[in-house]
Amino acid sequence: MKIEFETVTPESQGIASGQIIRFLERLEKNEIPMHSMILMRHGKIVAETYYRPYSRNELHRMFSVTKSMVSLAVGLLCEEGKLTLEDRIVSHFPEKIPKEGVHPYIAQITIRDMLRMATAHGKTTYKQIDTKDWVSTFFLVAPSHMPGTVFSYDTSATHTLAALVEKLSGKELLAYLREKFLDEIGFSPEAYCIKDPMGISMGGSGMMASSYDMLRVMYLISQNGRWQGKQLLPEWYLKEATTKQIDTFAKGPTLEEMQGYGYQFWCTRNGGYVCYGMGGQLMLVLPKEELIFITTADTQSRQGGVQLIYDAFWQEIYQTISNKPKEENLEECNKLRREWSTRELIALSGKKESIWKEKIHGVVYQMDSNLRGMDEISVQLFEEEGRLDYYGKNGDGQIAFGLGKNKVGVLKPYGYRIAASGIWRSEDTFLIRVHILDCCIGTIFIQMVFYEGGVTTFMKKYEENEFGEFDGFLSGRGGH
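Residues numbered from 1 in each chain as written. Predicted model: local features only at pLDDT ≥ 70, side-chain atom pairs only at ≥ 80, totals over all residues. Heavy atoms only, no water.

Visitor: Can you explain the nonpolar core? Please cite residues and give values.
Guide: Counting 75 residues, the largest nonpolar core has Val74, Leu177, Phe181, Val217 and Met218 as its most contacted members. With 9 residues, the top contributor of residues to this core is helix H2 (residues 65–80). Setting aside its immediate chain neighbours within four residues, Val74 contacts Leu83, Leu85, Ile111, Leu115, Val165 and Tyr237. (Core = buried A, V, L, I, M, F, W, Y, C linked by side-chain atoms within 4.5 Å. Buried < 20%, exposed > 50% of the residue type's maximum accessible area, 1.4 Å probe, protein only. Helix = DSSP H or I, 4+ residues; strand = E, 2+ residues; numbered from the N terminus. Contact = heavy atoms within 4.5 Å.)

Below, the structure is given as structure tokens:
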């Protein structure tokens, strides 16, 4: 039977509603594109916020949070006796070994090394060789150092572990996890994992699930793998996975990422552990305080954005919690429940009007020869919304946007769902921000500076793999 967690006032669990509001306000002030936030203490939800068009049941790309799920699957296979942490990965993939053999360093890599990000590779291998067989690259790419020694983040290690899970279980990654515990805890039946070109679940970054799904998983982990009296995950493995197994101080780009690494779980300050996915997917557990903190976001366009989320959380919420109930402030309790349970995804704010508005409306600009493949662009601006059309060698496209507010639509020709807004930054400068909301999460900025008879456009995309046409400069002349 699917169980929903009880929702109570923050004050009943030693947290002030006002502090949660200040935390959320701080993120908005810092222009952090938040998608959701859930705060739980003592097994009860004290705050839950979703930024429209996101909602509780919305599937969200979890990126490297997927790695932690692969780790749980490895732990379950260990419990079944199908592998050990000391197994060498080459013993499980003889068919991937090249005829001339593998480098001695690769031959020494153990499952434990891969879980700790202590492989022989300095970076992801399948991004170094153009092949559909991502798993094979783990054995083909020349190593950079002795395995089992230093931490170096290697997504191909986790992807290879996902392939191992599927090989040993005979099931897709999420299907195996559903059978073992996900169905038991009420994980969304619609959740899925994106596949690599060979049909293997992208264990490094591909899971699509809801924030509430991850709350269920993190609660189970925080309870040492027990759910309603059933031991669903091996306690011994969870203890090892969520404690420091290797040092990350020299490699960590932020303060939080310098705290150490377990088995596909990051360590944090204040004795916590976290599943961390690119862009602000954070699933943080603080065992001593019995606190679980969940966020989804897209900080790719906001340098240092993830650390800003952490800092706001530590300073506004963590440092103010008490082990005793707090006195309720009715005004702040109501404000948190009514005004902050549902918010709008951050949109551009500013001027909707300009002396250029009528001049450029519907004008087709012929662009100079460019690497973007765009031959023409045209902007139409109405009272509350607008539209950018573009035409070129790579196909025609369209972006509909709201003026000073988001408009939910579809990015043509990709078919991805978007929320886009536009405003005048100055009389001659119009800016569009596009939030990409589907399995491909990212942000596109399009800045257009108009002058008599022409336009210069600067475009920047914050997304790992796609939308290359939205990255660079364009200039052109206007004519109907």
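Visitor: Now, about the layout of surface pockets: what can you tell me, with residues and values included?
Guide: Considering only enclosed or pocket space, the largest pocket measures out at about 980 Å³ in volume. If you trace the largest pocket, you find 41 residues lining it, with Phe63, Ser64, Lys127, Met278 and Glu464 closest to the centre. Every element with two or more residues in the lining of the largest pocket is listed here: strand E9 (273–277) and helix H10 (305–317). For the lining of the largest pocket, the element with the most residues is H10, which contributes 3 residues. Partitioning the lining of the largest pocket into residue classes produces 16 nonpolar, 16 polar and 9 charged. (1 Å grid on protein atoms, 1.4 Å probe; cavity = no way out; pocket = protein on both sides within 12 Å on 5 of 7 lines; lining within 4 Å. Points joined across faces, edges and corners; volume = space filled by probe spheres on them. Nonpolar A, V, L, I, M, F, W, Y, C, P; charged D, E, K, R; others polar.)

Visitor: Could you give an account of the pairing of strand E14 (residues 374–381), with specific residues and numbers?
Guide: Taken across its 8 residues, E14 has 6 buried, putting it largely inside the fold. Bridge analysis of strand E13 (residues 364–367) against E14 gives 3 bridges, and the strand direction is antiparallel. What sits directly across from Val364, in E14, is Ser378. Taking the residues that link successive antiparallel strands as the turn, the E13-E14 hairpin has 6 residues, and the phi of Gly373 there is positive, at about 75 degrees. Here E14 folds back onto strand E15 (residues 385–392) in antiparallel fashion, the turn holding 3 residues. (Pairing = 2+ DSSP bridges.)

Visitor: Just give me the short version of the packing of H2 against helix H7 (residues 173–185), but keep the residues and values in it.
Guide: Their axes nearest at 10 Å, the elements H2 and H7 cross at an angle of 65 degrees. For the pair H2 and H7, the sense of crossing is left-handed. Residue-level inspection shows Met69, Val70, Leu72, Ala73, Leu76, Leu77 and Glu80 of H2 in contact with H7, the latter providing Leu173, Tyr176, Leu177, Lys180, Phe181 and Leu182. Looking at side-chain class alone, the contact of H2 with H7 contains 11 nonpolar, no polar and 2 charged residues. (Axes fitted to C-alpha atoms, helices over the stretch in contact; angles between N-to-C directions. Left-handed = near helix turned anticlockwise from the far one by under 90°.)

Visitor: Could you give an account of the side chain of Thr124, with specific residues and numbers?
Guide: Secondary-structure assignment places Thr124 in the loop between helix H4 (111–115) and helix H5 (134–140). Of note is the side chain of Thr124, whose polar atom sits 3.3 Å from the backbone nitrogen of Thr155. (Polar contact = N/O pair within 3.5 Å; in protein donor to acceptor, adjacent residues only side chain to side chain.)

Visitor: Explain the sheet that holds strand E3 (residues 60–61) residue by residue, including any values.
Guide: Spatially, the 3 strands line up as an open sheet ordered E3-E5-E4, and their pairing is antiparallel. Single-partner strands in this sheet number two, and they are E3 and strand E4 (192–193). Bridge analysis of E3 against strand E5 (residues 207–209) gives 2 bridges, and the strand direction is antiparallel. The residue of E5 that forms the bridge with His60 is Ala209.

Visitor: Can you tell me about H10, naming the residues and giving the values?
Guide: When the terminal C-alpha atoms of H10 are compared, their 18 Å separation across 13 residues agrees well with the 18 Å that a helix rising 1.5 Å per residue should span. The buried fraction of H10 amounts to 10 of the 13 residues, a majority that puts the element mostly inside the structure. The complete set of buried residues in H10 reads Gly305, Val306, Gln307, Ile309, Tyr310, Ala312, Phe313, Trp314, Glu316 and Ile317. Where H10 is buried, its residues touch helix H1 (17–29), strand E1 (34–41), E9, strand E10 (281–286) and strand E11 (291–297). (Expected span 1.5 Å × (residues − 1).)

Visitor: Could you give an account of empty space enclosed by the protein, naming the residues involved and the relevant values?
Guide: Under the criterion given, the structure shown has 3 cavities of 30 Å³ or more. Counted as a void, the largest cavity has a volume near 70 Å³. Taken together, Thr254, Glu256, Glu257, Trp266, Cys267, Thr268, Val274, Tyr276, Val306, Gln307 and Tyr310 form the lining of the largest cavity. Looking at the lining of the largest cavity, the elements with two or more residues in it are strand E8 (266–267), E9 and H10. Top element by residues in the lining of the largest cavity is H10. It accounts for 3 residues. Here the residues of the lining of the largest cavity sort into 6 nonpolar, 3 polar and 2 charged. One number sums up the size of the second largest cavity: a volume of about 50 Å³. Together, Met374, Ile377, Leu388, Tyr390, Ile446, Thr457, Met459, Phe470 and Leu474 line the second largest cavity. Residues that form the lining of the second largest cavity fall into these classes: 8 nonpolar, 1 polar and no charged.

Visitor: Give a detailed account of the packing of aromatic side chains, specifying residues and quantitative values.
Guide: Within this structure, the stated rule accounts for 31 aromatic pairs. Relative to Tyr263, the ring of Tyr237 lies with its centre 5.6 Å away and its plane at 35 degrees, an arrangement referred to as tilted. With Tyr237 in helix H9 (residues 235–241) and Tyr263 in the loop between H9 and E8, the pair connects residues that are 26 residues apart, well separated along the chain. Of the two residues, Tyr237 and Tyr263, neither departs from the other in class, the shared state being buried. Centroid distance Phe458 to Phe473: 4.9 Å. Interplanar angle 45 degrees. Geometry classified as tilted. Residue Phe458 is located in strand E21 (residues 454–462), and its partner Phe473 is located in strand E22 (residues 472–479); the two are separated by 15 residues in the primary sequence. The rings of Phe23, Phe293, Tyr310, Phe313, Trp314 and Tyr318 are connected pair by pair, giving a single aromatic cluster. (Phe/Tyr/Trp six-rings, centres within 6.5 Å; stacked < 30°, edge-to-face > 60°.)

Visitor: Please set out unusual backbone geometry residue by residue, giving values where relevant.
Guide: Geometrically, the link from Arg52 to Pro53 is a cis peptide bond, its omega value of 15 degrees lying close to zero. A cis geometry characterises the amide bond from Lys412 onward to Pro413, with omega recorded as 10 degrees. Residue placement: Pro413 occurs in the loop between strand E17 (407–411) and strand E18 (416–426). A positive phi is found at Phe467, a non-glycine position, where the angle reads about 65 degrees. Note on placement: Phe467 falls in the loop between E21 and E22.

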